[in-house]
Amino acid sequence: MRLIANLSLRSRLLLGILIPVFVFIAFDTQRHYQNALAAVNVAYDRTLLASAQSIGEQLSLQMVNGQAAVKANVNYSSIEAFQTDLLSRFAYRVTDAERRHIDGDVDLAAWTGKIPDRGPYAALVDFYDDRFRGDAVRVAVLLQPLSTTNGSTMVTIQVAETLELRQSLARELLFETLLSQLVLAAFIALTTLWVVQKATRSVSKLRDQVASRPEGDLSPIVQSDLPLELKPLLTATNHSMAQLQSLLANQKRFVRDTSHQLRTPLAVLKTQVQSALRGDVDAHQALLEISHTVDRAHQLANQMLALAKVSQVAHQKDVQRHDWAHLLREVAVDLSPLIAEKNLNFEIQTTPCTVAAHSWMLKELSRNLLHNAIKFSPPNGALTVTLTQHSDRAVLNMVDEGPGLTPEIEQRLFQPFATSNPQTGTGLGLSICHEIVQSLAGRLRLTNRYDPQAPLGSPSLPSTRQVTGLSCEVFLPLSPPNLGA
């Protein structure tokens with residue numbers, strides 16, 4: 001197995017095709033040779049039978065001293081016609097019913113067998129292999145009945161032939177069979193080599209294309225002549241490279257944004273500490289300012305880590321299903337002190353919605369949206385949260401009475417660090433929510449709510465109407481496609 005594992009695809013194909021073919025050809029050659037040899041034996045056995053019948057025609061039953069006796073007047077020249085080649089030699093022997101020798105070669109071993117029940121010929125004949133004077137011979141035995149008016153008897157005629165001619169013909173048949181099979185094997189080998197070479201040429205081309213790519217090049221591999229069986233592999237490879245490219249891009253963006261965004265609060269913190277050390281401001285006031293800067297830096301770091309975690313969690317596999325309604329109510333309980341601090345008229349209505357998503361993503365999405373809604377809601381204002389299920393998707397709707405979105409913020413709504421007030425927010429909350437919704441194949445929509453009773457500045461410019469709040473809608477499929485793939 002280790003040797004096979006070290007072989008190339010081309011070698012595996014060649015060995016996998018040619019070895020079974022050659023094994024089959026070897027068995028087929030043996031089968032053809034045995035069939036040809038059997039056909040040769042049948043043909044020469046008929047010659048032996050004909051010679052035995054010729055001898056039987058020259059036997060007669062005569063009365064001698066009142067008893068029937070077998071007389072043989074065999075002319076050897078009469079059976080020479082059955083000798084087709086000088087390589088082989090014939091011998092015969094005739095015995096009567098009492099196995100007494102009548103004519104022929106007395107040293108030819110007597111037949112001790114039996115006639116087959118269903119022989120290949122109508123005559124009472126049997127064939128067997130034996131040895132005669134040190135040579136291997138093929139023997140035909142014919143039981144010939146003789147009769148006269150005074151009696152009848154059965155004589156046994158044995159005709160033996162040496163095997164030189166049969167062996168010579170068998171060698172010729174074997175040589176011809178091997179030659180034809182070798183030609184066939186060579187043709188199959190060359191054809192297989194050509195086909196495998198041509199079929200794997202595109203694989204070699206793909207190997208060279210990948211090997212020649214610059215370092216760090218994660219662009220899709222394009223090759224149209226790849227075999228159909230390898231196209232799923234190429235598609236999977238391109239998909240993995242796209243995922244890796246996305247992860248690297250997120251990592252670079254995270255490092256870039258972190259170094260840029262944390263530089264400002266750290267510089268402010270350093271300035272505040274130096275000012276406090278010089279005594280420029282009151283110590284209590286300096287500590288309050290430092291605490292505010294540390295809180296903002298802490299919030300920024302946490303949100304940036306959450307933004308980086310979205311891409312990491314989105315590519316995890318074995319995602320379980322979670323009840324979004326239960327997680328949403330947990331988040332509402334966690335943020336209840338903020339709701340009570342502003343004395344909001346808070347209302348939440350949920351129906352069970354089981355979504356195939358990581359629980360962290362659902363909680364982070366709910367926390368950021370609800371925290372923003374609380375932060376921008378005026379004191380004593382109303383905040384309504386509803387979660388419902390419509391066919392194959394879950395719909396979250398948050399309605400507040402905040403100031404809504406300005407035209408500038410709407411243009412870069414989901415961009416990182418897009419905020420209307422850098423002193424109160426980092427501009428990462430909606431970006432995190434957008435990344436989560438995108439990874440779950442959902443949709444996030446934020447729209448201003450207008451006072452329907454307020455006069456319009458212009459029918460074509462609804463933005464001139466008074467904004468009474470913000471409506472945030474999230475649409476998530478219950479089973480997002482290719483989640484974690």
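Above this text is the structure in question.
Keep in mind it's a predicted model, so treat the numbers as computed, not measured.

Enquirer: Could you give an account of the overall build of the protein chain, naming the residues involved and the relevant values?
Expert: When helices and strands are tallied, the protein chain shows 12 helices and 14 strands. In the protein chain, which comprises 485 residues, the share counted as buried stands at 36%. Put simply, of all contacts in the protein chain between residues at least 6 apart along the chain, 66% involve residues at least 24 apart. Carbon and sulfur atoms make up 57% of the accessible area of the protein chain, which amounts to about 28,600 Å² in all.

Enquirer: With reference to specific residues and values, describe the sheet that holds strand β12 (residues 393-399).
Expert: The strand order across the open sheet built from five strands is β9-β11-β12-β14-β13, with neighbouring strands paired in mixed fashion. Each having just a single partner strand, β9 (345-350) and β13 (443-450) make up the two edges of the open sheet. Pairs of neighbouring strands in the sheet enclose a mean axial angle of 10°, with direction left out of account. Bridge count for strand β11 (residues 382-390) against β12 is seven bridges, and the pairing is antiparallel. What sits directly across from valine 385, in β12, is methionine 398.

Enquirer: Report on unusual backbone geometry, specifying residues and quantitative values.
Expert: You will see that arginine 99, though not glycine, has its phi angle at about 60°, which is positive. With respect to the helices, strands and loops of the structure, arginine 99 is situated in the loop between β3 (90-95) and β4 (101-104). Here arginine 99 falls in the exposed class, since its relative accessible area comes to 56%.

Enquirer: Explain a nonpolar patch on the surface to me, and be specific about the residues and the numbers.
Expert: Together, Leu15, Ile19, Val23 and Phe27 make up an exposed nonpolar region whose accessible area comes to about 390 Å². Within the secondary structure layout, isoleucine 19 lies in helix α2 (residues 9-56). Using a relative accessible area of 47% as the deciding quantity, one classes isoleucine 19 as partly exposed.

Enquirer: Can you tell me about the sheet that holds strand β6 (residues 135-148), naming the residues and giving the values?
Expert: Strand order in this open sheet of five strands is β4-β3-β7-β6-β5, and the pairing throughout is antiparallel. Either end of the sheet is taken by a strand with one partner, and the two such strands are β4 and β5 (125-132). Each neighbouring strand pair of the sheet contributes to a mean axis angle of 25°, computed without reference to strand direction. Bridge count between β5 and β6: eight bridges; the pairing is antiparallel. Bridging from a neighbouring strand, arginine 131 pairs with alanine 136 of β6. Each of β3, β5, β6 and β7 (151-162) is contacted by α2, which is oriented at about 140° to β7, the strand it contacts most.

Enquirer: Explain helix α8 (residues 324-334) residue by residue, including any values.
Expert: In an α-helix, one full turn covers 3.6 residues, which means residues spaced three or four apart are oriented alike. All buried positions along α8 are accounted for by Trp324, Ala325, Leu327, Leu328, Val331 and Ala332. Axial view of α8: buried residues confined to an arc of 165°, hence all on one face. Put simply, aspartate 323 is the residue that caps the front of α8, since its side-chain oxygen is 3.2 Å from the backbone nitrogen of alanine 325.

Enquirer: How would you sum up the environment of glutamate 435? Please name residues and give values.
Expert: In this fold, glutamate 435 is placed in helix α12 (residues 429-439). On the accessibility criterion, glutamate 435 (25% relative accessible area) is partly exposed. Each C-alpha atom of the pair glutamate 435 and methionine 361 lies 9.8 Å from the other, and the pair is 74 residues apart in sequence.

Enquirer: If you had to explain helix α10 (residues 359-376) to someone new, which residues and values would you point to?
Expert: For α10, with 18 residues, the first-to-last C-alpha span of 26 Å sits near the 26 Å given by 1.5 Å per residue. Buried residues of α10: Met361, Leu362, Glu364, Leu365, Ser366, Asn368, Leu369, Leu370, Asn372, Ala373 and Ile374, and no others.

Enquirer: Give a detailed account of the side chain of threonine 162, specifying residues and quantitative values.
Expert: Relative to the elements of secondary structure, threonine 162 occurs in strand β7. A distance of 2.8 Å separates a polar atom in the side chain of threonine 162 from the backbone nitrogen of arginine 89. Among the polar contacts made by the side chain of threonine 162, one reaches the side chain of glutamate 164 at a distance of 2.5 Å.

Enquirer: Describe the environment of leucine 396, naming the residues involved and giving the relevant values.
Expert: Mapped onto the elements of the fold, leucine 396 is located in strand β12. Overall, the relative accessible area of 0% leaves leucine 396 in the buried class. Through-space distance from the C-alpha of leucine 396 to that of leucine 476 is 8.5 Å; in sequence the pair is 80 residues apart. Setting aside its immediate chain neighbours within four residues, leucine 396 contacts Trp324, Leu328, Leu369, Val385, Thr386, Leu387, Cys472, Glu473 and Val474.

Enquirer: A description of the state of the cysteines should follow, citing residues and the corresponding values.
Expert: What the rule picks out here adds up to zero disulfides. Here cysteine 433 stays free of any disulfide, with the sulfur of cysteine 472 as its closest cysteine sulfur at 7.3 Å. Looking at cysteine 433, the relative accessible area reads 0%, which means it is buried. Accessibility expressed as a relative area gives 8% for cysteine 472, which makes it buried.

Enquirer: Go over the pattern of salt bridges with me, naming the residues and quoting the values.
Expert: Tallied over the entire structure, the rule returns 14 salt bridges. Ionic pairing is found between arginine 100 and glutamate 98, a salt bridge with its closest N-O pair at 3.2 Å. The same class applies to arginine 100 as to glutamate 98, namely exposed. Here arginine 133 and aspartate 105 are joined by a salt bridge, their closest N and O atoms 3.4 Å apart.

Enquirer: Any chance you could break down the nonpolar core for me, citing the residues and the numbers?
Expert: Of all hydrophobic cores here, the largest spans 41 residues; its most connected members are Trp324, Leu365, Leu369, Leu370, Leu396 and Val474. Elements that contribute at least two residues to this core include exactly α8, α10, β11, β12, α12, β13 and β14 (467-477). Sorting elements by how many residues they give to this core places α10 first, with seven residues. Residues within four places of leucine 370 in sequence aside, it is in contact with Val331, Ala332, Leu335, Phe346, Leu383, Val385 and Met398.

Analysis parameters
- Every chain begins its residue count from 1, and numbering advances along the sequence as written.
- A pLDDT threshold of at least 70 governs which residues receive local features in this predicted model, and a stricter bar of 80 or more applies before side-chain atom pairs are shown or counted, although totals over entire chains, interfaces and linings include all residues.
- To obtain the side-chain values, all non-hydrogen atoms of the structure were used and water was disregarded.
- Helix and strand definitions here come from DSSP, where helices need a minimum of 4 consecutive H or I residues and strands a minimum of 2 consecutive E residues; each element is numbered from the N-terminal end.
- Under the scheme applied here, a residue whose accessible area is under 20% of the maximum for its type counts as buried, over 50% as exposed, and between as partly exposed, the area being computed with a 1.4 Å probe on protein chains only.
- Throughout, a residue-residue contact means that at least one pair of heavy atoms, one from each residue, lies within 4.5 Å.
- Accessibility throughout is a Shrake-Rupley quantity obtained with a 1.4 Å probe, and a residue counts as covered only by protein chains that appear here.
- Pairing between strands is defined by DSSP: at least two bridges between them are needed.
- Where helices are involved, their axes are fitted lines through C-alpha atoms of the stretch in contact, as for all axes, and angles between N-to-C directions lie from 0 to 180°.
- Patch membership requires over 30% relative accessible area and the absence of a salt bridge. Like charges are linked within 9 Å, and nonpolar side chains (Val, Leu, Ile, Met, Phe, Trp, Tyr) within 5 Å.
- Salt bridges are defined as contacts in which a side-chain nitrogen from Lys or Arg sits within 4 Å of a carboxyl oxygen from Asp or Glu.
- Regarding the arc, it is the one traced by the directions from the helix axis to the C-beta atoms.
- Throughout this description, a polar contact denotes any pair of N or O atoms lying within 3.5 Å of each other; where both atoms belong to protein, one of them has to be capable of donating a hydrogen while the other can accept it, and for residues adjacent in sequence the pair is counted only when both atoms sit in side chains.
- What a helix is expected to span follows from its residue count: subtract one and scale by 1.5 Å.
- Cysteine sulfur atoms are paired as a disulfide whenever they come within 2.5 Å of each other.
- Within this scheme, the nonpolar core is defined by two criteria: the residues are buried Ala, Val, Leu, Ile, Met, Phe, Trp, Tyr or Cys, and they are joined through side-chain atoms within 4.5 Å.

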